[in-house]
Amino acid sequence: MQLFKRKPKNHGVDADRKLPVHIAVIMDGNGRWAARRGLPRKAGHREGANTLKRLVKECNAIGIKYLTAYAFSTENWNRPREEVDALMDLLLEFLRNAEKELAGTNIRILVIGDTGRLSDEIQKEIERVVVNTSVNTGLNLVIALNYGSRCEIVSAAARIARDARDGRIDPEKVDERLFSSYLYTREIPDPDLVIRPSGEYRLSNFLLWQSSYSEFWFSDVLWPDFTKEHLYQAIRDFQNRNRRFGGLQR
Ligand code: IPE
Ligand code: IPE
Ligand code: MG
């Protein structure tokens, strides 16, 4: 019988300081990773999916409650058909194998984005995985699929306008809390830490509303090369930041 559960190594993370509750990652750089190796872009996407699987387990093990992964943006449809198809195939594979891969991890999967534009096959898999993992109490893995913040905000505004017109809500009562409840992320806390690798310094239409007071962490590393050491570096840096939320230093 094992008397003591082995403690995960803390990698220099300060146990007395708060861990981010919610980490969001923009999984960027797959194409460049493949190009540098003379491989097709889809090989980079496959490697990127493997990075996500490793990171999910790591985050779950250390007690992160939410990990949001930007997997496909509303603008990624502008890529060549072949690449979009490859990304959709990978996505389907990821969803089909999700429970097997994450067996015993207690991870719950959620999806944000305009999923209605995805194939029926993918929509069915999303529904299945979300329902099957809904009772899990470990890490919430939030996959952003056909996600775009502008689309999310406009759709919220349109539904609020309709509900006001139809008398379901009082226009005088529209405030930040009500607005948030119309977003895809209504049951998800705002991200504490947003990570963007690949040397780009932009949000690319990701969580614009929700990241108003997030801490940002950028790195030149390409997503397929992103390791748990990068994750721990980002968390250590986060722990040394001073979040003031417009107030004074505490
Ligand atoms: C991110 O990697 C994956 C998706 C957008 C789905 P990219 O495909 O954007 O890789 P780069 O930026 O071209 O290297
Ligand atoms: C952001 O990466 C979207 C995802 C990682 C899913 P992009 O590669 O699409 O972003 P841009 O075009 O460089 O801004
Ligand atoms: Mg990119």
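Higher on the page you've got the structure.
Calculation criteria
- Residues numbered from 1 in each chain as written.
- Chains lettered and ligands numbered in written order.
- Predicted model: local features only at pLDDT ≥ 70, side-chain atom pairs only at ≥ 80, totals over all residues.
- Heavy atoms only, no water.
- Near = heavy atom within 4 Å.
- Polar contact = N/O pair within 3.5 Å; in protein donor to acceptor, adjacent residues only side chain to side chain.
- Helix = DSSP H or I, 4+ residues; strand = E, 2+ residues; numbered from the N terminus.
- Nonpolar A, V, L, I, M, F, W, Y, C, P; charged D, E, K, R; others polar.
- Expected span 1.5 Å × (residues − 1).
- Buried < 20%, exposed > 50% of the residue type's maximum accessible area, 1.4 Å probe, protein only.
- Arc of directions from axis to C-beta.
- Contact = heavy atoms within 4.5 Å.
- Areas by Shrake-Rupley, 256 points an atom, 1.4 Å probe, with all protein chains shown as cover.
- Core = buried A, V, L, I, M, F, W, Y, C linked by side-chain atoms within 4.5 Å.
- Salt bridge = Lys/Arg side-chain N within 4 Å of Asp/Glu carboxyl O.

Caption draft 1: Quick peek at the site of ligand 2. Around ligand 2, the neighbouring residues are Ile26, Met27, Asp28, Tyr70, Ala71, Phe72, Asn76, Arg79, Arg196, Arg202 and Ser204. One of the side-chain nitrogen or oxygen atoms of Asn76 is found 2.9 Å away from an oxygen atom of ligand 2. Between an oxygen atom of ligand 2 and a side-chain N or O atom of Arg79, the distance comes to 3.1 Å. By residue number, the principal contributor to the shell around ligand 2 is strand β2 (residues 66-73), which donates 3 residues. When its residues are assigned to classes, the shell around ligand 2 shows 5 nonpolar, 2 polar and 4 charged.

Caption draft 2: Quick peek at helix α4 (residues 120-132). The first and last C-alpha atoms of α4 sit 18 Å apart over 13 residues, in line with the 18 Å expected at 1.5 Å per residue. Within the sequence span of α4, burial applies to Ile122, Glu125, Ile126 and Val129. Down the axis of α4, the sector holding all buried residues measures 105°, keeping them to one side. Exposed residues pointing more than 90 degrees away from the buried face of α4 are listed as Asp120, Lys124, Glu127 and Val131. On its buried face, α4 sits against α3 (81-101), β3 (108-112) and β4 (140-147).

Caption draft 3: Examining the site of ligand 1 more closely. Ligand 1 sits among 13 residues. The nearest are Asp28, Gly31, Arg32, Arg41 and Arg79. With respect to ligand 1, the side chain of Arg41 contributes an N or O atom lying 2.9 Å from an oxygen atom. At a separation of 2.7 Å, an oxygen atom of ligand 1 approaches a polar side-chain atom of Arg79. Protein chains shield 87% of the accessible area of ligand 1, which is 380 Å² for the free molecule. Residue assignment for the shell around ligand 1 shows that the elements contributing at least two residues are α1 (30-36), α2 (41-62) and α3. Sorting elements by how many residues they give to the shell around ligand 1 places α1 first, with 3 residues. Counted by class, the shell around ligand 1 contains 3 nonpolar, 5 polar and 5 charged residues.

Caption draft 4: Up close: unusual backbone geometry. Phi is positive for Asn106, which is not a glycine, with a value near 65°. For Asn106, the location among the structural elements is in the loop between α3 and β3. Judged by relative accessible area, Asn106 falls into the partly exposed class, the value being 35%. We note that Asn205 has phi near 70°; this positive angle belongs to a residue other than glycine. Here Asn205 is to be found in the loop between β5 (193-196) and β6 (215-218).

Caption draft 5: Representation of the nonpolar core within the structure. One finds Ile23, Val25 and Leu67 to be the most contacted residues of the largest nonpolar core, which totals 43 residues. Mapped by element, the contributors of at least two residues to this core are β1 (22-26), α2, β2, α3, α4, β4, β5 and α7 (228-239). With 8 residues, α3 is the largest single contributor of residues to this core. Leave out the neighbours within four places in its chain, and Leu67 touches His22, Ile23, Val25, Leu52, Val56, Cys59, Leu139, Asn140, Leu141 and Val142.

Caption draft 6: Highlighting the pattern of salt bridges. Counted by the stated rule, this structure contains 20 salt bridges. Residues Arg32 and Glu200 are paired through a salt bridge, measuring 3.1 Å at the closest nitrogen-oxygen approach. Of this pair, Arg32 sits in helix α1 while Glu200 sits in the loop between β5 and β6, and the two are 168 residues apart along the sequence. For Glu200, a relative accessible area of 19% corresponds to the buried category. The salt bridge involving Glu83 is made with Arg41; its shortest N-O contact spans 2.7 Å.

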